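Results of the structural survey
What follows is the residue order along each chain.
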Amino acid sequence: MKNKTLKALPLMLPLLLLTVAAQAQEAADGGANPYFYDNFLFWSLAALAGTVIVAAIVALFHLLNVMVKVNQIRIYQEMGLEAYEKEVQKAKEPFWDRMYKRWTDAVPVEKEQDVMLDHDYDGIKELDNSLPPWWVAMFYITIAFAVVYMTYYHFTDAGPGSAEEYEMEMERAEKAVQAFRATQANLVDETNVTMLTDAAGLETGQNIFNANCAACHGMLGEGGVGPNMTDNYWIHGGDIKDIFKTIKYGVPEKGMISWKSQLSAADMHKVSSYILTLVGTNPPNAKEPQGDLYEPQADAVEQPAADSTSTAAEPEDALGMNK
């Protein structure tokens, strides 16, 4: 028994090492973790329980081995040497060979005459083999699975139905689309830009406007050196694409600088969308309209905003965007 226990010690070493590692990690965080001693006690008890379980398994295997030998001796005493040798040979058969025979229930070739039927098809004879136990087990497992599945999804409210799964998949897909768009935010340009409506994006656009555009267009977009942003009259077009293009390339002949070297595409997207929210706000001291009347079209595609790591630098030119 002692020898068996000693041989089982290597099996317990990984568990003991895992416990020591866990305790060391807890010790490293001991100063900040208020549950350090609780976790230490838990892992210690887990290691002790694992050791006891491994020792119990070793003892059971040892007991089984003793019972096999006792049974062999009994057969030898009752049935003679031949039966004893046969039993000993069976015990020496490899474990996987015994499991293979048990799970396939295969009939040895030399005993096929016992299961051969009278059917003869052009010299081909049929054997009455039983179904392999593994196949029968799988068959019953599928039946049990079907019962559990039907009960869970169709006779209780525990499992989501098809409509609920569809809605969940659509929500996951929408999040995936938004995550993808966040990585593609700086690929937007004047040909594909759309109006943003989310609060976070518009708030960022307002901050960019206040930092870079308000000096010429006023904090409320009422106008100053630059034109009024709150009416429906625009010098270079009032569509989101037109505004984005004006910010990006500027209007050098009117003193409007190009912002593409100082603002990222995502930031220009946000400030363009914010400027459109100023239309119709009628702030005090608004500058007189300039340019042509623009009638907005309700065909803009809504798109979520994406955070950008670019920062808005103060322009050297004091002039703002020329509307």
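Here's a quick rundown of the structure.

**Some details on the overall build of the protein chain**
Per the secondary structure count, the protein chain includes 10 helices and four strands. When the helices and strands of the protein chain are placed in sequence order, the string is α-α-α-α-β-β-α-α-α-α-β-α-α-β. A burial count over the protein chain gives 25% of its 323 residues as buried. Contacts spanning at least 24 positions in sequence make up 72% of the contacts within the protein chain whose residues lie at least 6 apart. Here the protein chain has roughly 22300 Å² of accessible surface; of this, 61% comes from carbon and sulfur atoms.

**A look at the packing of helix α4 (residues 95-104) against helix α5 (residues 133-154)**
Packing of α4 against α5 leaves a shortest axis separation of 6 Å and a crossing angle of 60°. Comparing the axis directions of α4 and α5 gives the class oblique. On α5, the residues that touch Arg102, Trp103 and Thr104 of α4 are Pro133, Trp134 and Ala137.

**Structural notes on the packing of aromatic side chains**
By the definition in use, this model includes six aromatic pairs. Ring centres 4.8 Å apart and planes at 85° place the aromatic pair tyrosine 152 and tyrosine 153 in the edge-to-face group. Given a relative accessible area of 37%, tyrosine 152 falls into the partly exposed group.

**Digging into a negative patch on the surface**
On the surface, Asp157, Glu164, Glu165, Glu167 and Glu171 cluster together to form a negatively charged patch. By the secondary structure assignment, glutamate 164 is in helix α6 (residues 162-183).

**Things to note about the packing of helix α9 (residues 240-249) against helix α10 (residues 265-277)**
Helix packing for two helices is described by the angle between their axes and how far apart those axes are. At a minimum axis distance of 9 Å, the contact between α9 and α10 shows a crossing angle of 125°. Classified by the angle their axes make, α9 and α10 are oblique. Note that α9 runs across α10; the crossing there is right-handed. For the pair formed by α9 and α10, the contact residues are Ile240, Ile243, Phe244, Ile247 and Lys248 on the first element and Ala265, Met268, His269, Val271, Ser272, Ser273, Ile275 and Leu276 on the second. Considering only residue class, the contact of α9 with α10 consists of nine nonpolar, three polar and one charged.

**Considerations on the pattern of salt bridges**
Should their charged atoms come close, side chains of opposite charge can pair. Counted according to the given criterion, the structure contains two salt bridges. Where glutamate 190 meets lysine 248, a salt bridge forms, and the shortest distance between an N and an O atom there is 3.2 Å. Here glutamate 190 is found in the loop between α6 and α7 (199-212), whereas its partner lysine 248 is found in helix α9, with 58 residues between them in sequence.

**Focus: a nonpolar patch on the surface**
A contiguous nonpolar patch, built from Trp103, Leu131, Trp134, Trp135, Met138, Phe139, Tyr140, Ile141, Ile143 and Val147 and spanning about 1100 Å² of accessible area, is present on the exposed surface. The dominant element in the nonpolar patch, judged by the number of residues it contributes, is α5, at eight residues. Considering the arrangement of structural elements, one finds tryptophan 103 in helix α4.

**Points about the nonpolar core**
Counting residues in hydrophobic clusters, the biggest one holds 24 residues, and the most contacted among them are Phe209, Trp234, Ile247, Trp259, Val271 and Ile275. The element contributing the most residues to this core is α10, with five residues. Ignoring sequence-local partners within four residues, the contact set of phenylalanine 209 consists of Ala214, His217, Gly218, Met219, Gly221, Val271, Tyr274, Ile275 and Leu278.

So, how was this worked out
What you see as residue numbers is a count from 1 along each chain, following the sequence as written. Since the coordinates come from a predicted model, pLDDT governs what is reported: local features require at least 70, and pairs of side-chain atoms require 80 or more to be given and counted, while whole-chain, interface and lining totals use all residues. To get the side-chain values, all heavy atoms of the structure are used, and hydrogens and water are removed first. Numbering of helices and strands starts at the N terminus; helices are DSSP runs of H or I of at least 4 residues and strands are runs of E of at least 2. Working definition: with a 1.4 Å probe on protein chains only, accessible area under 20% of the residue-type maximum means buried, over 50% means exposed, and in between means partly exposed. Only heavy atoms matter for contacts: two residues are in contact if any of them lie within 4.5 Å across the pair. Only the protein chains shown count as cover for residues, and the accessible areas themselves come from Shrake-Rupley with a 1.4 Å probe. Axis definition: a line fitted to C-alpha atoms, limited for helices to the stretch in contact. Angles are taken between N-to-C directions and run from 0 to 180 degrees. Relative orientations are named as follows: roughly parallel for angles under 35 degrees, roughly antiparallel for angles over 145 degrees, roughly perpendicular for angles from 65 to 115 degrees, and oblique for any other angle. Only centres within 6.5 Å qualify two rings of Phe, Tyr or Trp (six-membered ring in Trp) as a pair; their planes then separate them into stacked at under 30 degrees, edge-to-face at over 60, and tilted for everything else. Only residues whose relative accessible area exceeds 30% and that take part in no salt bridge are eligible for patches, with like-charged residues grouped when within 9 Å of each other and nonpolar side chains (Val, Leu, Ile, Met, Phe, Trp, Tyr) grouped when within 5 Å. Within this document, salt bridges are pairs made up of a side-chain nitrogen of Lys or Arg and a carboxyl oxygen of Asp or Glu, the two lying within 4 Å of each other. Only four residue types enter the tally: Lys and Arg on the positive side, Asp and Glu on the negative side; His and the chain ends are excluded. The atoms used to mark charge sites are NZ of Lys, CZ of Arg, CG of Asp and CD of Glu. The sense of a crossing depends on the near helix, which, turned anticlockwise from the far helix by less than a right angle, makes the crossing left-handed and, turned clockwise, makes it right-handed. Nonpolar residues are Ala, Val, Leu, Ile, Met, Phe, Trp, Tyr, Cys and Pro. Charged residues are Asp, Glu, Lys and Arg, and all others, Gly as well, are polar. Residue types Ala, Val, Leu, Ile, Met, Phe, Trp, Tyr and Cys, when buried and joined through side-chain atoms within 4.5 Å, form a set referred to as a nonpolar core.

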